[in-house]
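# A closer look at the structure
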Amino acid sequence: MLRLLGPVGVSSGMSQHAVLSEGGAAWRWLPCTHSELRLDLTLGCGQSFRWTETSKGHWTGVMGGRVWTLTQTADRLWFHRYSTQPGPREGSEVVTPEHEEEEDGKDEEALRDYFQLKVQLGGLYQGWGAVDPHFKHTALSFPGVRMLRQDPTECLFSFICSSNNHVSRIQGMVGRLCQRLGEPLCQLGTETYHTFPSLHRLAEEGVEECLRALGFGYRARFLHQSACHILDMKGPDWLASLRGVAYPEARSALCALPGVGLKVADCVCLMSLDKLGVVPVDTHVWQIARRHYLPELGSAQRSLTPALNQRIGDFFRQLWGPYAGWAHSVLFCADLKKFQKLKVEKPSSEEEVKKEGGREEEVKKEKGRKRRSEGDVKTGRGREKQSKGEVKTERGSEGQNETKRVKEIRVTKVKKERESE
């Protein structure tokens, strides 16, 4: 039977979200530059739906069954991991900040794995930019976009919620799913954080009706049926085992689940199953391909067919290579409405400023040369008109002289006739 968890009580001594400037002693850090990781882009581009910006530049969410707040300085990734202990009420949690050195190694390893920090992003960006001018231009405004390595169960069931949906609404649905079916972890301010529901919780009787009441619509059936199918036919460790099989096999297996199509299967393969070259194709990626890479697709094609999905994915894999899925995420991020303001930022380095100034100076010089050329043409035309006017004047003068001579001849002739008389 479905076991519903009630809201966690709020105690008078509740803890708040950590802020680096207010408690540096409770924070730890890893060396990491912005060019290797941008938290705002990586956590806000629709890969995971468990992170929110709780204060400027500080992101709080659940990863690995624990609650974290992350932030960045120029060359460091700072993290605060919250610890919990049983609170005064059954089922409630109270945060107790601690800095246990024996946990340092585990926390650092968890973050390195989650953000895949062993992958050197700078070299990948350089390689993609060398073969793709559009990527090179886009990357100037969108550095540090990494692929997360998520828990396969959380990734799969989050993306089942993504069908015909947008990022903010998916985030709300995943939050309600965790609040109702997950286990409480801790409370920060008025926000209670929960684990992601296990497969067994999602497969319990009554889950579909519960999720329909929470506004999940037809997705409620897919979530419940997929959990039941995995447990009944595959086993609880089956999803994680797909990390060890080839991409076509993993994709085909996922597409056999209720509510899982090509796009959802590809997202799960890329974001949790270590298939780094997978390019999930949705309407965003389709439009990017049509605008910048495959104009021959045109506007006649009105639906994203499996054949078109395969064609676009194959094109990008051939262009970008083994980490094509990572490159695609940069362009996907740049296409999101929420990040459009980043495209008009000023150049980030002195060298870029000089280059931009040089380009502007060259444009000014070219305009000056064009104006002078146009002025020369106008001057030439003026001289031509003046020459024509002088010709007309000379012709008019010649006509006047001819008329005068005719008159003189006539007068002379009349005089001679009168003298002969």
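All residue numbers here refer to positions counted from 1 along the written sequence of the relevant chain. Confidence filtering applies because this is a predicted model: local features only for residues at pLDDT of at least 70, side-chain atom pairs given and counted only at 80 or more, and all residues used for totals across whole chains, interfaces and linings. In computing side-chain values, all of the structure's heavy atoms are included and hydrogens and water are not.

Turning our attention to the packing of aromatic side chains. Two aromatic rings, taken as a pair, are described by how far apart their centres are and by the angle between their planes. Note on aromatic contacts: the rings of Phe and Tyr and the six-membered ring of Trp form a pair at centre separations within 6.5 Å, being stacked when their planes are under 30 degrees apart, edge-to-face when over 60 apart, and tilted otherwise. The final tally for this structure, using the stated rule, is 15 aromatic pairs. Look at Tyr 125 and Phe 135: their rings are 5.5 Å apart centre to centre, the planes differ by 70°, and that puts the pair in the edge-to-face class. Here Phe 135 lies in helix α4 (residues 133-139) and Tyr 125 lies in helix α3 (residues 121-131), a separation of ten residues in the sequence. Exposure categories follow from relative accessible area, calculated using a 1.4 Å probe and restricted to protein chains: below 20% of the type maximum is buried, above 50% is exposed, and the middle band is partly exposed. Exposure remark for Tyr 125: the relative accessible area of 12% places this residue in the buried category. An aromatic cluster is built from Tyr 293, Phe 315, Phe 316 and Trp 320, whose rings are joined through pairwise contacts. Just above the ring of Trp 29 sits the side chain of Arg 76; from NZ or CZ to the centre is 3.7 Å. Geometrically, a charge over a ring is one whose NZ (Lys) or CZ (Arg) sits within 6 Å of the ring centre while staying within 35 degrees of the ring normal. Arg 290 extends its terminal NZ or CZ atom over the ring of Trp 286, reaching a point 5.3 Å from the ring centre. Labels follow the DSSP assignment, with helices taken as runs of H or I lasting at least four residues and strands as runs of E lasting at least two, numbered in each case from the N terminus.

For the rest of this paragraph, the subject is unusual backbone geometry. The backbone phi angle of Gln 116 is positive, close to 50°, even though this residue is not glycine. Residues other than glycine seldom take positive phi values, yet Asp 274 does so here, at roughly 65°. In this fold, Asp 274 is placed in the loop between α12 (262-272) and α13 (283-292).

For Asp 132, the position within the fold is in the loop between α3 and α4. Buried charge Asp 132 goes without a salt bridge, the closest partner of opposite sign being Lys 136 at 11 Å. Here Tyr 293 takes part through its side chain, which lies 2.6 Å from a polar atom of the side chain of Asp 132. We call two residues in contact when some of their heavy atoms are within 4.5 Å. What Asp 132 contacts, discounting residues up to four positions off in sequence, is Tyr 293, Leu 319 and Trp 320. Under the counting rule used here, the positive set is Lys and Arg, the negative set is Asp and Glu, and His together with the chain ends is not counted. Any carboxyl oxygen of Asp or Glu that lies within 4 Å of a side-chain nitrogen of Lys or Arg is treated as forming a salt bridge with it. We define a polar contact as two N or O atoms separated by no more than 3.5 Å, with the added condition that, inside protein, one atom must be a possible hydrogen donor and the other a possible acceptor, whereas residues neighbouring each other in sequence contribute only through side-chain atom pairs.

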